[in-house]
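A closer look at the structure
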Amino acid sequence: MTNEQVNFIDYDKIIEDIPKELNQIEMARYIYIQLGKYFSYDEKYITSENDEEKREIFDRDIEDIENDKVVCTSLSRIYERLLKRVGINAKTVLIPGERLGHAFTEIEIDGKKYFTGLIRDLMNIKTGFKTNEFMIDNPDRFGEDSEFTALSDEELKKIDANLGDNYDNFIEYCKNRGLFGNDTPYKSIGSFSRENIRK
């Protein structure tokens, strides 16, 4: 596919801007973060009382997306498509659940399977918090015998540092706008603690 652009987002540019020296996990992370910066959750899926409209939003083809509003299915398919373009084996997996179900992207690299749930990380990415759904393994969600491989926080920090995706300046940004006092120590910022900020 060439010259892929959906109004506000140029998929080709995301692919072209991937640093050349990245391994496949780092490329998957790079695309994950870039998509997270562009897209927002389509709240109409939650608020609509019209079952037909909900179904249309859930089943929307990615070519029919007209703005930055997506749900798990469309965003997983977009992520899958871009991963495949850079040679990463990926597929969108639909699972039964609340409303019409849920979708996530399963990635396979070097014979290992990884879970990614970008839709649940959109706000984390936009605000600079660490992600919670990138290459995780949650026994409560997947069972004790899960086939997914997880990356540790330390591994993710190294990947993000390599990508230059460092959000330590988020606290400074908030302080400069009067959201925190200038003498507020990081550890006393509550939910904005350093542990929650992606490094």
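On a predicted model such as this, the values are computed, not experimentally measured, just so you know. (Residues numbered from 1 in each chain as written. Predicted model: local features only at pLDDT ≥ 70, side-chain atom pairs only at ≥ 80, totals over all residues. Heavy atoms only, no water.)

**Comments concerning the overall build of the chain**
Across its full length, the chain carries nine helices and eight strands. Per-residue burial for the chain yields a buried fraction of 46% across its 199 residues. Of all intrachain contacts in the chain linking residues separated by at least 6 positions in sequence, the fraction that spans at least 24 positions is 56%. A total of about 10900 Å² of accessible surface is found on the chain, and carbon and sulfur atoms cover 45% of it. (Helix = DSSP H or I, 4+ residues; strand = E, 2+ residues; numbered from the N terminus. Buried < 20%, exposed > 50% of the residue type's maximum accessible area, 1.4 Å probe, protein only. Contact = heavy atoms within 4.5 Å. Areas by Shrake-Rupley, 256 points an atom, 1.4 Å probe, with all protein chains shown as cover.)

**Re the sheet that holds strand 8 (residues 134–136)**
Strand order across the open sheet formed by four strands is 5-6-7-8, with antiparallel pairing between neighbours. Pairing within the sheet leaves two strands with one partner each, and these edge strands are strand 5 (89–95) and strand 8. Averaged over all pairs of adjacent strands, the angle between strand axes in this sheet comes to 40°, irrespective of strand direction. Here strand 7 (residues 112–116) pairs with strand 8 via two bridges, running antiparallel. Across the sheet, the residue bridging to Thr116 is Phe134, located in strand 8. The strands touched by helix 2 (residues 24–38) are strand 6 (102–109), strand 7 and strand 8; relative to strand 8, the strand with the most contacts, the crossing angle is about 120°. (Pairing = 2+ DSSP bridges. Axes fitted to C-alpha atoms, helices over the stretch in contact; angles between N-to-C directions.)

**Observations regarding the packing of aromatic side chains**
According to the stated counting rule, one finds six aromatic pairs in the structure shown. Taking 5.6 Å as the distance between ring centres and 65° as the angle between the ring planes, the aromatic pair formed by Tyr32 and Tyr79 counts as edge-to-face. Highlighted residues: Tyr32 in helix 2 and Tyr79 in helix 5 (residues 72–85), separated in sequence by 47 residues. Tyr79 shares its class with Tyr32; the two are buried. Relative to Phe148, the ring of Phe115 lies with its centre 5.9 Å away and its plane at 70°, an arrangement referred to as edge-to-face. Taken together, the residues span a long stretch of sequence, with Phe115 in strand 7 and Phe148 in the loop between helix 7 (139–142) and helix 8 (153–163) at a distance of 33 residues. Joined through ring pairs, the aromatic side chains of Tyr32, Tyr79 and Phe134 make up one cluster. The ring of Phe134 has Arg29 sitting right over it, with the charged end atom 4.9 Å from the ring centre. (Phe/Tyr/Trp six-rings, centres within 6.5 Å; stacked < 30°, edge-to-face > 60°. Lys NZ or Arg CZ within 6 Å of the ring centre and 35° of its normal.)

**Section: the side chain of Ser48**
For Ser48, the location among the structural elements is in the loop between helix 3 (44–47) and helix 4 (51–59). The buried category is assigned to Ser48, whose relative accessible area is 9%. Only 3.0 Å separates the side chain of Ser48 from the backbone nitrogen of Asn50, close enough to count as a polar contact. A polar side-chain atom of Ser48 sits 2.5 Å from a polar atom in the side chain of Glu53. (Polar contact = N/O pair within 3.5 Å; in protein donor to acceptor, adjacent residues only side chain to side chain.)

**Thoughts on the nonpolar core**
Counting 45 residues, the largest nonpolar core has Ile31, Leu35, Phe39, Tyr79, Ile107 and Met135 as its most contacted members. The element best represented in this core is helix 2, accounting for eight residues. Not counting residues up to four positions away in its chain, the partners in contact with Ile107 are Ala28, Tyr79, Leu83, Ile88, Asn89, Ala90, Lys112, Lys113, Tyr114, Thr116 and Met135. In terms of nonpolar packing, the next biggest core, distinct from the first, is built from five residues, Val93, Phe104, Phe115 and Ile136 among them. (Core = buried A, V, L, I, M, F, W, Y, C linked by side-chain atoms within 4.5 Å.)

**As for helix 5**
If you check helix 5, its first and last C-alpha atoms are 20 Å apart, about what 14 residues at 1.5 Å a residue would give, namely 20 Å. For helix 5, the full list of buried residues reads Cys72, Thr73, Ser74, Leu75, Ser76, Ile78, Tyr79, Glu80, Leu82 and Leu83. Looking one or two places after helix 5, you find Gly87, whose phi comes out positive at around 85°. (Expected span 1.5 Å × (residues − 1).)

**Observations regarding the environment of Ile46**
Within the secondary structure, Ile46 sits in helix 3. Judged by relative accessible area, which is 38%, Ile46 ranks as partly exposed.

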